[in-house]
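Summary of structural features
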Amino acid sequence: MNILTEKFNTPYHSAPFGDIKNEDYLPAFKEWIQKSEEEINAIVDNSDDPTFENVIEALAYSGEQLDVVSNIFFNLNSAETSDELQQIAQEVSPILTEYSSKISQNEALFNKIKKVYDEKEKYNLNEEQEMLLNETYKGFVRSGALLNEEDKEKLKKISMDLSLKSLQFGQNVLASTNAYFKHITDKEQLAGIPEAIIEQYAEEAKERNLEGWVVTLQYPSYIPFMTYAENRALRKELALANGKKSFDSGEYDNQNLIKELLTLKQQKAELLGYKDYADFVLEERMAKSPVKVFDFLNELLTKAKPYADKEIEELKSLAKADGIDEMQSYDHAFYAEKLRKEKYDFNDEELKPYFPLNQVQEAVFGLAEKLFGLTFEERNDIPKYHEDVKVYEVKEIIAVNTAGQIASDYKALLYVDYFPRKGKRAGAWMTSYKNQYQQNGENSRPHISIVCNFSKPTKDTPSLLTFQEVTTLFHEFGHALHGMMANTQYPTLSGTSVKWDFVELPSQFLENFCYEPEFLKTFAKHYKTGEVLPDEKIEKIEQSKNFMEGYQTLRQIGFGLLDMNYHTKVNELDHESIKEFEDKYTKAIALYPSNPETAMSPSFSHIFQGGYSAGYYSYKWAEVLDADAFQYFKENGIFNHEIAAKYKILLSSGGTKDPMELYKAFRGSEPKVESLLKRAFG
């Protein structure tokens with residue numbers, strides 16, 4: 001029996017991880033693709049006149065189980081992969097792409113969609129139904145429905161190639177990251193590094209059956225080393241290794257793959273009638289056009305550059321006192337930490353004991369209860385894909401009677417997976433195993449997951465988070481709230497299915513609470529003594545909130561500009577290397593000399609594997625939104641229930657409305673860039 005082709009006999013029909021075998025995936029994909037195609041054929045073969053219900057709605061609800069199996073497989077391929085899973089991914093991706101192309105280029109289906117679209121005035125559609133109709137029609141047109149047969153075949157081939165090559169890009173980055181480690185046997189080489197971090201390095205060595213200490217390129221290992229290690233030569237060695245990820249002409253090199261991916265995207269855009277890939281992408285974003293994005297990024301660059309230059313001069317003064325005449329990028333984190341300690345007299349290691357992971361999680365759960373009436377109860381009877389994972393049943397409080405008894409409704413399942421593993425890609429992300437939607441009077445609730453890479457607990461200490469990791473957890477939980485609060489009719493408009501430059505608002509908005517003393521004091525307590533984080537340290541966190549903000553802003557602008565240039569000027573790569581292109585289009589934001597041996601593009605997974613192609617600017621775009629939204633709370637109380645109720649509507653509405661209209665309904669006006677500038681630079 002193939003567990004993936006049956007209805008899951010688990011609580012809330014959750015993924016039956018423990019019963020899934022690798023050999024189940026391919027047959028399950030093929031079976032559910034066949035069944036989904038039968039659903040499509042039923043729509044096409046229906047002899048009744050095309051209507052909103054028998055075409056648009058029927059299509060929106062089709063392929064549900066295929067989505068579930070896809071989500072399980074591809075989420076595991078990111079969080080708990082293996083050589084076998086990666087091989088299956090290579091087999092499955094073209095099959096799924098072909099299936100997707102077959103639907104989007106089904107002429108008979110599109111003709112029915114177009115008939116409903118052309119006659120939409122005769123239907124009494126509500127706002128969500130009209131959005132579904134418009135998005136469905138547009139989606140087909142953007143997938144090639146109006147192309148001739150020859151061009152449809154070309155587009156299908158391009159889509160398949162893009163799918164496989166982006167998958168290969170991510171696999172190369174993961175393999176390249178895992179291929180390097182630095183084995184240290186002389187503890188003096190670890191001078192300056194806090195003992196808790198050294199203990200982690202010792203644990204890593206032990207896992208590899210080595211004496212001494214091991215530093216890897218995984219985020220929780222690499223960043224502390226670059227921040228605290230006094231040994232400059234070793235910092236340089238680690239930075240070079242990190243900068244050479246998939247940029248060393250070896251087995252996992254991504255340079256040619258980048259050119260191939262960009263060429264394919266350009267071909268796709270031109271085939272569909274667009275000037276370039278950015279033009280194609282941005283038609284479906286709040287920003288609307290590449291010109292608007294370039295203007296936005298360059299305006300921020302002009303305002304942030306003087307602050308960044310001033311910050312770097314301060315760091316160079318510190319480095320000069322240590323005899324360093326020309327500071328390099330691998331010195332930045334070390335001297336930034338030195339300056340922060342000098343200015344604010346604390347470092348991340350001093351704060352970590354106040355932020356054990358369990359307390360931070362309780363805090364973010366508590367915040368969700370305070371603002372939105374959500375509660376979280378751990379469930380041990382729901383299958384997990386790894387022992388590190390925990391699963392919570394999320395409920396929404398709907399009433400409290402005079403005796404204090406609470407009535408609540410089931411809202412979602414939340415999986416949390418916090419620690420690095422060899423089979424998990426770097427970084428942090430939110431994803432889902434099952435979408436929310438309503439059908440036949442039932443509200444089918446979502447299954448959401450947060451995946452991070454925090455330091456594992458040791459035998460002596462719990463997992464302790466840096467303050468940056470605290471904000472990371474809040475960030476991903478903000479995305480999770482967007483998914484868990486979803487309350488729409490159709491799965492394709494649910495949760496985070498919104499315009500890409502709107503999707504970061506809920507995540508970045510939630511980070512703001514981490515800097516509020518009123519909230520911090522409720523959970524920032526020493527894991528040994530229970531002592532609340534002292535006021536002077538909280539004050540320094542507030543003061544340090546904008547520390548190196550100019551540098552960080554420039555860095556994000558640099559990524560955004562590089563991304564936009566890749567997707568508007570791909571022809572220049574015919575006669576330029578990836579390194580030359582990268583240096584040229586990051587020159588305006590470069591604060592340190594470029595190293596000819598390193599490049600970040602070959603491991604820029606956001607735009608070459610993830611969904612941020614021609615969209616990386618959206619992080620800064622969403623910062624304008626989140627700064628403006630939080631300013632609204634600040635003016636009226638950060639736990640204001642009336643404003644929280646309006647924000648809850650924004651979260652639960654998903655993609656059912658234009659994002660700017662949703663935002664204005666919440667805030668009363670369009671977002672103001674001044675809110676971001678005020679927060680960043682005072």
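Residues numbered from 1 in each chain as written. Predicted model: local features only at pLDDT ≥ 70, side-chain atom pairs only at ≥ 80, totals over all residues. Heavy atoms only, no water.

**Regarding the overall build of the protein chain**
A tally of helices and strands in the protein chain yields 27 helices and 9 strands. Relative to a compact globule of 682 residues, whose C-alpha radius of gyration would be 26 Å, the protein chain shows 25 Å and is just as compact. Oriented by its inertia axes, the alpha-carbon framework of the protein chain measures out at about 80 × 75 × 55 Å. Within the protein chain, the proportion of its 682 residues that are buried is 58%. As displayed, the protein chain has an accessible area near 29,200 Å², and 47% of this comes from carbon and sulfur atoms. Of the charged side chains in the protein chain, 79 are positive and 111 negative; the average position of the first set lies 3 Å away from that of the second. (Helix = DSSP H or I, 4+ residues; strand = E, 2+ residues; numbered from the N terminus. Rg over C-alpha atoms; globule rule 2.2 N^0.38 Å. Buried < 20%, exposed > 50% of the residue type's maximum accessible area, 1.4 Å probe, protein only. Areas by Shrake-Rupley, 256 points an atom, 1.4 Å probe, with all protein chains shown as cover. Lys, Arg positive; Asp, Glu negative; His and termini not counted. Charge placed at Lys NZ, Arg CZ, Asp CG, Glu CD.)

**Considerations on a negative patch on the surface**
Side chains of Glu38, Glu39, Glu64 and Asp67 sit close together on the surface and give a patch of like negative charge. At the level of elements, helix H1 (22-45) and helix H3 (64-79) are the ones that each hand at least two residues to the negative patch. The topology assignment puts Glu39 in helix H1. (Patch = residues over 30% accessible without salt bridge, like charges linked within 9 Å, V, L, I, M, F, W, Y side chains within 5 Å. Salt bridge = Lys/Arg side-chain N within 4 Å of Asp/Glu carboxyl O.)

**Here's the deal with the pattern of salt bridges**
Within the structure shown, the criterion is met by 52 salt bridges. Of the charged contacts, one joins Lys341 and Glu350 as a salt bridge, the two residues approaching to 3.9 Å between their closest N and O atoms. A relative accessible area of 37% places Lys341 in the partly exposed class. With a relative accessible area of 26%, Glu350 lands in the partly exposed category. A salt bridge links Lys411 to Glu396, with the nearest nitrogen and oxygen atoms 2.9 Å apart. Here the residue Lys411 occupies a position in strand E5 (residues 406-417), and Glu396 occupies one in strand E4 (residues 390-400), the gap between them amounting to 15 residues. On the basis of relative accessibility, which here comes to 10%, the residue Lys411 falls in the buried class.

**Focus: the sheet that holds E5**
Strand order in this open sheet of 5 strands is E3-E4-E5-E9-E6, and the pairing throughout is mixed. Each end of this open sheet is capped by a strand with a single partner; those strands are strand E3 (374-378) and strand E6 (429-434). Averaged over all pairs of adjacent strands, the angle between strand axes in this sheet comes to 30 degrees, irrespective of strand direction. Relative to E4, E3 is paired through 5 bridges, and the arrangement is antiparallel. If you follow Leu374 over to E4, its bridge partner there is Glu396. Across the sheet, helix H17 (residues 467-484) touches E3, E4, E5, E6 and strand E9 (447-451), and the angle it forms with E9 is around 175 degrees. (Pairing = 2+ DSSP bridges. Axes fitted to C-alpha atoms, helices over the stretch in contact; angles between N-to-C directions. Contact = heavy atoms within 4.5 Å.)

**Section: helix H5 (residues 107-118)**
Taking 1.5 Å of rise per residue, the 12 residues of H5 would be expected to cover 16 Å, and the 16 Å separating its terminal C-alpha atoms lies within 8% of that figure. If you check which residues of H5 are buried, you get Leu109, Phe110, Lys112, Ile113 and Val116. Along the long axis of H5, the arc covered by the buried residues comes to 160 degrees, so they all point the same way. Along its buried surface, H5 packs onto H1, helix H2 (52-60), helix H4 (83-104) and helix H6 (127-142). Backbone nitrogen of Ala108 and a side-chain oxygen of the N-cap are separated by 3.2 Å at the start of H5; the cap is Asn106. (Expected span 1.5 Å × (residues − 1). Arc of directions from axis to C-beta. Polar contact = N/O pair within 3.5 Å; in protein donor to acceptor, adjacent residues only side chain to side chain.)

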